[in-house]
Each structure stands twice: as structure tokens, then as C-alpha cells.
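# A structural walkthrough
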Amino acid sequence: MNAQQTIEKMKMMRLTAMAEMYHQSMSQNMYQELTTDEWMSMLIDHQWEDRQNKKINSLIHRSAMTQNVSVQDIDYTSERKLDKTQYERMLSLQFINNKENIIITGPAGIGKSYLAQGLGYQACHMLHKTQYYILARLFDHARKCQVEGKYLNYLKGLHKTRLLIIDDFGLHPFKNGDSQILLDVIENRHLKASTIINSQIPVDGWHELIGEGTIADAILDRIVNTAHRIKLDGHSLRKKFTLS
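Our subject in this report is the structure included herewith. (Residues numbered from 1 in each chain as written. Predicted model: local features only at pLDDT ≥ 70, side-chain atom pairs only at ≥ 80, totals over all residues. Heavy atoms only, no water.)

## A word on empty space enclosed by the protein
- Under the criterion given, the structure shown has one cavity of 30 Å³ or more.
- Together, N101, I186, R189, H190, L191, A193, T195, R222, I223 and T226 line the largest cavity.
- Sorting the residues of the lining of the largest cavity by element identifies α9 (178-189) and α11 (213-224) as the ones contributing at least two each.
- Looking at side-chain class alone, the lining of the largest cavity contains four nonpolar, four polar and two charged residues. (1 Å grid on protein atoms, 1.4 Å probe; cavity = no way out; pocket = protein on both sides within 12 Å on 5 of 7 lines; lining within 4 Å. Points joined across faces, edges and corners; volume = space filled by probe spheres on them. Helix = DSSP H or I, 4+ residues; strand = E, 2+ residues; numbered from the N terminus. Nonpolar A, V, L, I, M, F, W, Y, C, P; charged D, E, K, R; others polar.)

## Overview of the pattern of salt bridges
- Counting across every chain of the model gives five salt bridges.
- Taking the shortest distance from any N to any O, the salt bridge between R143 and D140 comes out at 2.8 Å. Residue R143 and its partner D140 are located together in helix α7 (residues 135-147), separated by three residues, close to a single helical turn.
- Classification of R143 by relative accessible area gives partly exposed; the value is 22%.
- K150 is paired through a salt bridge with E148; the nearest N and O atoms lie 3.7 Å apart.
- On the basis of relative accessibility, which here comes to 41%, the residue E148 falls in the partly exposed class. (Salt bridge = Lys/Arg side-chain N within 4 Å of Asp/Glu carboxyl O. Buried < 20%, exposed > 50% of the residue type's maximum accessible area, 1.4 Å probe, protein only.)

## Describing the nonpolar core
- L138, Y154, F169, L182 and W206 are the most contacted members of the largest nonpolar core, which has 32 residues in total.
- Going through the elements one at a time, α7, α8 (151-159), β3 (163-169), α9, α10 (206-210) and α11 are the ones with two or more residues in this core.
- The biggest single contributor to this core is α11, with seven residues.
- When residues no more than four places from it in sequence are discounted, the contact partners of L138 are Y133, Y154, I166, I181 and V185.
- L91, I96, I102 and L232 belong to the second-largest nonpolar core, a separate cluster that totals 29 residues. (Core = buried A, V, L, I, M, F, W, Y, C linked by side-chain atoms within 4.5 Å. Contact = heavy atoms within 4.5 Å.)

## Examining the packing of α9 against α11
- Between α9 and α11, whose axes approach to 10 Å, the crossing angle comes to 30 degrees. Judged by the angle between their axes, α9 and α11 are roughly parallel. Our pair here, α9 against α11, has a crossing hand that is left-handed. Contacts between α9 and α11 pair S179, Q180, L182, L183, I186 and E187 from the former with I215, A218, I219, R222 and I223 from the latter.
- Among the residues forming the contact of α9 with α11, the class breakdown is seven nonpolar, two polar and two charged. (Axes fitted to C-alpha atoms, helices over the stretch in contact; angles between N-to-C directions. Parallel < 35°, antiparallel > 145°, perpendicular 65-115°, else oblique. Left-handed = near helix turned anticlockwise from the far one by under 90°.)

## Focus on a positive patch on the surface
- Together, R62, K129, K156 and K160 give the surface a local cluster of positive charge.
- Following the sequence through the fold, R62 ends up in helix α3 (residues 36-63).
- Given a relative accessible area of 63%, R62 falls into the exposed group. (Patch = residues over 30% accessible without salt bridge, like charges linked within 9 Å, V, L, I, M, F, W, Y side chains within 5 Å. Areas by Shrake-Rupley, 256 points an atom, 1.4 Å probe, with all protein chains shown as cover. Lys, Arg positive; Asp, Glu negative; His and termini not counted. Charge placed at Lys NZ, Arg CZ, Asp CG, Glu CD.)

## Observations regarding the side chain of Q131
- Relative to the helices and strands, Q131 is located in strand β2 (residues 130-134).
- Excluding residues that lie within four positions of it along the chain, Q131 makes contacts with R62, S63, A64, T161, L163, L164 and I165.

## Thoughts on the packing of aromatic side chains
- Considering all chains together, one arrives at five aromatic pairs under this definition.
- Seen from their ring centres, F169 and F174 are 6.1 Å apart, and the 75 degrees between their planes marks the pair as edge-to-face.
- Joined through ring pairs, the aromatic side chains of F139, F169, F174 and W206 make up one cluster. (Phe/Tyr/Trp six-rings, centres within 6.5 Å; stacked < 30°, edge-to-face > 60°.)

By themselves, these are just geometric observations and shouldn't be taken as functional.
Printed below as a string of C-alpha cells:
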């Protein structure tokens, strides 16, 4: 069997990255400098890394996150009172393993979404299924699924999501039925998966925001009691970038 036949068989077995590395090593005589074990290890590692990167990119794409976040670019300046130690501990994702929640509050433009999606990107890199929603769009999607008879499947899909990020909580008033949808989502994930919620509204104002007292009590009991808190303060970072 010649090298080209070997390459074609690799491609047929969907070992594309390995085939490319094999072709490169043969054309450049790289294999002559390696032992057989080293060469095989190099080919397998290259194929493995390629598949892992594709899984990560797929998870990021399916998450619907809106920002391309690099955790190395996180701003820890004292102006917004972000605790570097606290956030870097969250980046370890132990909260996901513990099925705990995170609540990020602060004024508009302070970077809540960026911090939440930074954790989302980290989760994807650790191969955790992640989903990002602006709360109003979550409600719209849920109502559409109710009309189409797909609501239970929708909830099951969210149940399988290791990290759910809900952004702009409280930005728009709750409509009729929204509080029940939120309870269904939170109840379905309680002590089973992690949720991050971003809001301009302090937590002590959420009960009034949700309305329907009994439902609000149930939602807050399931969210707040297992939540780490990040409270940001200061001026909008958007103004800073606009002026600079």
C-alpha cells in the first residue's frame, strides 16, 4: 500500500487531520527524525486536538453567545469593584460541578454580559454544553414552543444544558405567563445544572419585578439560595471606550 492510498483511507475514516499531518510528514521526510512510537503519537495527538477544537467551536456556535470573549482581557480595575480572586475561582468552573448559580448585578454598560459570557466560553472549552439567552428572547422562544406543542421538549433541552446564561433580566416588564415560564425553566434545572443571571435590578427588587407572589417566592428560593454574587458598581465601560 502506498502513502496516497493510506491518506485516502484515513479520509474515508474521517481522520482528516491525521491524513493532512501524515501527508506533510511524508512530503517533508519528518518521519525519519522520529521513532515509530513518536510518529504515531504525533499523528494521533494531532487528530485528537483537531476533534476537540471542532467540538469546542461547535459548542460556542450553538450557545448563541453574542460576544467573542477572551478571559485574558478581563478588566479588573477597581472602578467597578470586580473581585479578581472571586472571578478567577469561578473560571475554574467548580460552580458547574456543584450545580450552583451565579448572579451578576450592576448598572448598564458595566460589563455584566462580558463576564457571564467569559464563563460561558470557559465552559465550552471544558466541553460543557452552554446556552445564552436574553430573557425576553427566552420567553418568546418558550411561547412559540407552547403554541407548537414543543414546550416539554424545550424544557428537556434546557435541562441538558450544563450552563444557562440569562441576560438582561428585568430589562422589560414580565408579560402574562412569563413568570410561570421562568419557574418551569428554573425548577427543571434546580440542583441539576447551573444558571447565570445578569441584571441591572438589585436582587431585592426581583420579587416585585416577577410579580405573582407565590411564583416569585418559588423562583427566588431556587435561584438565590445556591447563587454566588458579583455586584458591580461604577460608570459604564462603554462611555470609557467611546471617549478613548
